[in-house]
Amino acid sequence: MVVIENKPGASGVIATNEAIRSTPDGHTILLHTMGMLTVPATFDKPPYDPVEDLVPVAELVNTPVWLVVSIERTQARTLKEFVDQMRREKGKHFYTSSASASTGHLLGLQFSEQNGLDMQHVAYKGGAPAALALLKGEVTASFVDMSSMRPHLSGGKIRLLAVSGSARSPQTPDVPTFKEIGLTGFELTSWAGLFVARSTPNAVVKTLTDTVNRLLQDPEVVSQYAKLGYGITVKSHEAFVAQVRRETDQLSALARKTGVKVQ
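Residues numbered from 1 in each chain as written. Predicted model: local features only at pLDDT ≥ 70, side-chain atom pairs only at ≥ 80, totals over all residues. Heavy atoms only, no water.

Draft legend 1. Seen up close, the side chain of Thr96. Of note, Thr96 is situated in strand β4 (residues 94–97). For Thr96, the side chain forms a polar contact with the main-chain oxygen of Val122, separated by 2.7 Å. Setting aside residues up to four positions removed in sequence, Thr96 forms contacts with His121, Val122, Tyr124, Ala130, Val139, Ala141, Ser142 and Phe143. (Helix = DSSP H or I, 4+ residues; strand = E, 2+ residues; numbered from the N terminus. Polar contact = N/O pair within 3.5 Å; in protein donor to acceptor, adjacent residues only side chain to side chain. Contact = heavy atoms within 4.5 Å.)

This is how it looks when you write it as structure tokens:
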């Protein structure tokens, strides 16, 4: 039996610290997103270190981040047209993401910086409220995943201009990557994964990783995730650990560069 206990608040710090302090026997498992990796660089006093205080178990899902625009705010059909308009209309446009210091927030800041824009970020509590703000025309753009946008694509009120990652997404094969358009540093994708306390025995971690990876290969699981807009890449424990370390460094560098702080 699995008991799910939501511990919201403080950018996930409350839940993360509870997992860190739990008995390291594999019975308390933290489900978190890539956003946990920004904590060391965005808090004045980092409450934890995702690399030193936790053990990555397995990646559950992954997804690129799309730049989505509201047609009420812009008629741009390409990234170049969008950038040109933002430059002409400085001080008039806002973008949103799923949360402050999220991957979308950081990518948006980097996008603005690389293109000489002054778009201001508006943080919403989750991808769904961010998508709703875009649909209403409250903001011009959003950097979010497909699970938030998929229900609204057929309505004609939003447009996808670019996607993060090293290759085009199978979900939107006609949407170019930022890299194709000539922008660097947008290879990151977003994910959700499982973690346990640092001192959890290796044998327990291996059992958890093997069990999760076996479930991730179930056709029904793959199908349900695809319907939600998520992809699955089954990775070894070692590969996920290396990814977490690498992306912690990348996101920390990006957060420092853009000056994002969570007070």
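Continuing now.
Draft legend 2. Molecular detail of the pattern of salt bridges. All chains considered together, the criterion is met by six salt bridges. Ionic pairing is found between Lys235 and Glu59, a salt bridge with its closest N-O pair at 3.0 Å. Of this pair, Lys235 sits in the loop between α9 (219–228) and α10 (237–258) while Glu59 sits in strand β2 (residues 54–63), placing them 176 residues apart in sequence. With a closest N to O distance of 2.7 Å, Asp210 and Lys206 form a salt bridge. Of the two residues, Asp210 and Lys206 are both situated in helix α8 (residues 202–216); the distance of four residues between them amounts to about one turn of the helix. (Salt bridge = Lys/Arg side-chain N within 4 Å of Asp/Glu carboxyl O.)

Draft legend 3. Region of the structure containing the sheet that holds β2. Ordered in space as β1-β8-β2, the three strands form an open sheet in which the pairing is antiparallel. The open sheet has two edge strands, β1 (30–33) and β2, and neither has a second partner. This sheet shows a mean twist of 25° between the axes of neighbouring strands, independent of strand direction. Across the sheet, α8 touches β2 and β8 (190–197), and the angle it forms with β2 is around 10°. (Pairing = 2+ DSSP bridges. Axes fitted to C-alpha atoms, helices over the stretch in contact; angles between N-to-C directions.)

Draft legend 4. Spotlight on empty space enclosed by the protein. One pass over the full model with this rule turns up one cavity of 30 Å³ or more. The space that makes up the largest cavity amounts to roughly 40 Å³. Lining the largest cavity are Pro50, Val51, Pro56, Arg198, Val241, Val244 and Arg245. When residues of the lining of the largest cavity are assigned to their parent elements, the largest contribution, three residues, is made by α10. Of the residues in the lining of the largest cavity, the class split is five nonpolar, no polar and two charged. (1 Å grid on protein atoms, 1.4 Å probe; cavity = no way out; pocket = protein on both sides within 12 Å on 5 of 7 lines; lining within 4 Å. Points joined across faces, edges and corners; volume = space filled by probe spheres on them. Nonpolar A, V, L, I, M, F, W, Y, C, P; charged D, E, K, R; others polar.)

Draft legend 5. Expanded view of the environment of Phe94. Topologically, Phe94 is positioned in strand β4. A relative accessible area of 36% means that Phe94 is categorised as partly exposed. When the C-alpha atoms of Phe94 and Thr184 are compared, they prove to be 22 Å apart, with 90 residues separating the residues in sequence. Setting aside residues up to four positions removed in sequence, Phe94 forms contacts with Met119, Gln120, Val122, Val139, Thr140 and Ala141. (Buried < 20%, exposed > 50% of the residue type's maximum accessible area, 1.4 Å probe, protein only.)

Draft legend 6. Examining the sheet that holds strand β5 (residues 120–123) more closely. If you walk across this open sheet you meet the five strands as β5-β4-β6-β3-β7, and the pairing is mixed. Looking at strand neighbours, the two that pair on one side only are β5 and β7 (158–163), the edges of this open sheet. Averaged over all pairs of adjacent strands, the angle between their axes in this sheet comes to 30°, without regard to strand direction. Summarising the sheet, strand β3 (residues 66–70) and strand β6 (residues 141–144) pair through four bridges and their orientation is antiparallel. The residue bridging Val69 from the neighbouring strand is Ala141, located in β6. Strands in contact with helix α5 (residues 127–135) are β3, β4, β6 and β7; relative to β6, the strand with the most contacts, it is inclined by about 155°.

Draft legend 7. Representation of the packing of aromatic side chains in the model. Counted according to the given criterion, the structure contains nine aromatic pairs. Centre to centre, the rings of Phe195 and Phe240 are 5.7 Å apart; their planes meet at 50°, and the pair counts as tilted. Placement of the pair is Phe195 in strand β8 and Phe240 in helix α10, with a sequence separation of 45 residues. Connected via pairs of aromatic rings, a cluster forms that spans Phe82, Tyr95, Phe111, Phe143, Phe178 and Phe186. (Phe/Tyr/Trp six-rings, centres within 6.5 Å; stacked < 30°, edge-to-face > 60°.)

Draft legend 8. Main features of the side chain of Asn62. Take Asn62: it is sitting in strand β2. Side chain to side chain, Asn62 and Thr233 meet in a polar contact 3.2 Å long. Not counting residues within four places of it along the chain, the set of residues in contact with Asn62 comprises Ser190, Trp191, Tyr230, Gly231, Ile232 and Thr233.

Draft legend 9. Seen up close, the layout of surface pockets. Taken as a whole, the second largest pocket holds about 320 Å³ of empty space. Asn62, Thr63, Pro64, Gly165 and Thr189 are, among the 24 residues lining the second largest pocket, the residues nearest its centre. For the lining of the second largest pocket, the secondary-structure elements that each account for two or more residues are β2 and α10. Within the lining of the second largest pocket, the residues separate by chemical class into six nonpolar, eleven polar and seven charged.

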